[in-house]
Amino acid sequence: MLLKIDKSFGVSAVKNRHEENMPKNQGELFMSTTLADKEKTLLQVNEFVNEPFTDFSQPANKKAMEEAIKTVRLSLGKEYPLVIGGKDVKVGGDNWIISTNPSKPDEVIAKFAKADQKLAEEAINEASIAFESWKKVPYTERVQYLFKAAEIMRKRKHELSAWLILEIGKSWAEADGDVAEAIDFCEFYGREMLRLGQAQPLTPYANEKNKLHYIPLGVGVVIPPWNFPLAILVGMTTASIVAGNTIVLKPSSDTPAIAYQFVKIMQEIGLPKGVINFLPGPGASVGDYLVSHPKTRYIAFTGSKEVGLRINEMAAKTQPKQIWIKRLIAEMGGKDGIIVDNDADLDSAAEGIVAAAFGFQGQKCSACSRAIIHQDVYDKTVEKIVEKAKKLVVGDPQDNNNFMGPVASKSAYESILKYIETGKKEGHLLLGGNAIKTNANGYFIEPTIIADVDPKAKISLEEIFGPVLSIIKAKDWQHALEIANNTEFGLTGAVYTKNRSHLDQASNDFHVGNLYLNRKCTGALVGVHPFGGFNMSGTDSKAGGKDYLLLFTQAKTVSEKV
Ligand code: NAD
């Protein structure tokens, strides 16, 4: 369907895209509406559909990806600036963040100027100045930057994936998924702004003209993690700016290069200076400074529970001259479980558990890190899980035959190996349990499965964020559900059962933000599975959902006597 969006007449579904013979590619439509057409009030946009994943079994796609990796390899090792108020800022001396390839830590991906508090101050000031004009840019124009960014990312998909493969060790498929999600966020939030930018329905009242509209908040600090360093960064950034806010973007120090690729795209499409200020820097000093700054109006954070809680505390403290309560959008960790009931399709359950536990080396907030299995089918299911996991191939993800790459960094590597040692004492090691030595000293760890884990064991309750699966035996269905809910987190979960009443009970009682029934607990799609967790997993912002943009706005009601 084609959505016709008119500022004065509202959104209405008009004609089928194919009847209209409109282009199938969503972005194409917008290329005809250039920024020079900014006064146009009538915009047309196709209904949102998810960006398709690339089929790398097709020789042309495989070749294109290989070429992209070669091209990006030619750019490795360069020095990059900060971007503040539209200007490249270079920092001298030893003030560099060095991003390296986790498959070969001696290989430098890029060197980034490292911000300090003085530059953080400048960045906040530039964002504040830019806010005064950006907030007045009509939303119909702001959305076009998102559609144009999507269009460019679509064209450079493999190149962006190559950065993800080299900088953070994603497999081809995982990198492709990350880029597709970034494109989806641009397309989805663009459409959402077209919906929210219009006059909102109110109850009519005699002799008054009432209006409610959504205005931006102000200067935001956007802090993404390294594990979806393009998708999550793009999601929080585009939601911010399309709503009319300006931001300071502090990327993860493990993934500044992919972050910079996006910033460059936004510069290329002519986003006004100061709307996005790019500020790589240490979380502890620069992050704290940005979060506690009195001009910071909100913080959009995705990362660990520990850092999220620290930001929450710092943001809550009112600073001298601060005239608002800061808003915090915080999406944090998970300890996600999959329940296998005694009547489940065990092959399908084992397949879902292995994919969710070991995809991207278990470094997804939604990864299955605990399989909770009914005692009647415990042995059979465990056997199937181990058989499947044994077949996973680990190695440098530049080679598409490798399903699992390295873990993200030296600190992640050491922390995961420590958890594995604890796990060996807390359960029975069935598979893996070791680092994999390579000539280039990459951070590779075997897919690791530890069975017969007590529900209250450390490896059952704490987020490990690596390729480590704990298996827990449940006495019965109720016990399984009880175990599934026994952590402080509440992000994703899944249940495999044929029992309708168990599915219904899980829908009500399995306390997670994203619950999946008879499918794996990873792979949320924008628009399809709005994403966010309960309890210590965060503020349940539901990224990629229709409630998300509201978090970046404030509603204003204007009532006029007539
Ligand atoms: P992290 O908390 O270590 O870092 C996240 C970001 O915070 C980074 O950019 C980091 O530089 C910054 N930071 C660190 N200290 C800071 C401070 N004092 N002030 C401000 N910023 C600071 O997390 P990570 O290791 O990058 O990412 C992994 C974590 O993210 C896992 O816990 C994972 O579950 C979580 N995650 C959650 C979701 C979700 O949607 N719930 C999605 C992806 C990742």
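Residues numbered from 1 in each chain as written. Predicted model: local features only at pLDDT ≥ 70, side-chain atom pairs only at ≥ 80, totals over all residues. Heavy atoms only, no water.

(A) Fine view of the side chain of His 158. With respect to the secondary-structure elements, His 158 resides in helix α5 (residues 157–168). The residues touching His 158, leaving out its near neighbours within four places in the chain, are Thr 54, Phe 56, Ala 64, Met 65 and Ala 68. (Helix = DSSP H or I, 4+ residues; strand = E, 2+ residues; numbered from the N terminus. Contact = heavy atoms within 4.5 Å.)

(B) Expanded view of the site of the ligand. By nearness alone, 28 residues border the ligand, and Trp 226, Asp 288, Ser 304, Met 332 and Glu 463 come closest of all. Here Pro 224 contributes a backbone N or O atom positioned 2.8 Å from an oxygen atom of the ligand. In this structure, a nitrogen atom belonging to the ligand sits 2.8 Å away from a side-chain N or O atom of Asp 288. Starting from 850 Å² of accessible surface for the ligand in isolation, the protein chains cover 88%. Of all the secondary structure elements, the ones that give two or more residues to the shell around the ligand are α9 (283–292), β13 (296–302) and α10 (305–316). For the shell around the ligand, a count of residues per class yields 14 nonpolar, nine polar and five charged. Both domains that furnish three or more residues to the shell around the ligand are identified here as domain 1 (48–332 + 543–556) and domain 2 (336–525). (Near = heavy atom within 4 Å. Polar contact = N/O pair within 3.5 Å; in protein donor to acceptor, adjacent residues only side chain to side chain. Areas by Shrake-Rupley, 256 points an atom, 1.4 Å probe, with all protein chains shown as cover. Nonpolar A, V, L, I, M, F, W, Y, C, P; charged D, E, K, R; others polar. Domains from an automatic or database assignment.)

(C) Highlighting the sheet that holds strand β21 (residues 468–474). As summarised here, the arrangement of the seven strands in space is β17-β20-β21-β16-β15-β22-β23, forming an open sheet in which the pairing is mixed. Sheet topology places β17 (428–431) and β23 (514–517) at the edges, where each strand pairs with a single neighbour. Neighbouring strand axes in the sheet, compared pairwise and without regard to direction, differ in orientation by 20° on average. Sheet topology places strand β20 (residues 448–451) next to β21; three bridges connect them, and they run parallel. Of the residues in β21, the one forming a bridge with Thr 448 is Val 468. On the sheet, helix α16 (residues 500–509) packs against β22 (492–496) and β23 and is oriented at approximately 175° with respect to β23. (Pairing = 2+ DSSP bridges. Axes fitted to C-alpha atoms, helices over the stretch in contact; angles between N-to-C directions.)

(D) Main features of the nonpolar core. Counting 82 residues, the largest nonpolar core has Met 153, Tyr 189 and Leu 230 as its most contacted members. Per-element tally for this core: the top contributor is helix α6 (residues 172–196), with twelve residues. Apart from residues no more than four positions distant in its own chain, Leu 230 is found in contact with Met 153, Leu 160, Leu 164, Asp 178, Val 179, Ala 182, Ile 258 and Phe 262. Phe 358, Tyr 378, Ile 471 and Tyr 496 belong to the second-largest nonpolar core, a separate cluster that totals 31 residues. (Core = buried A, V, L, I, M, F, W, Y, C linked by side-chain atoms within 4.5 Å. Buried < 20%, exposed > 50% of the residue type's maximum accessible area, 1.4 Å probe, protein only.)

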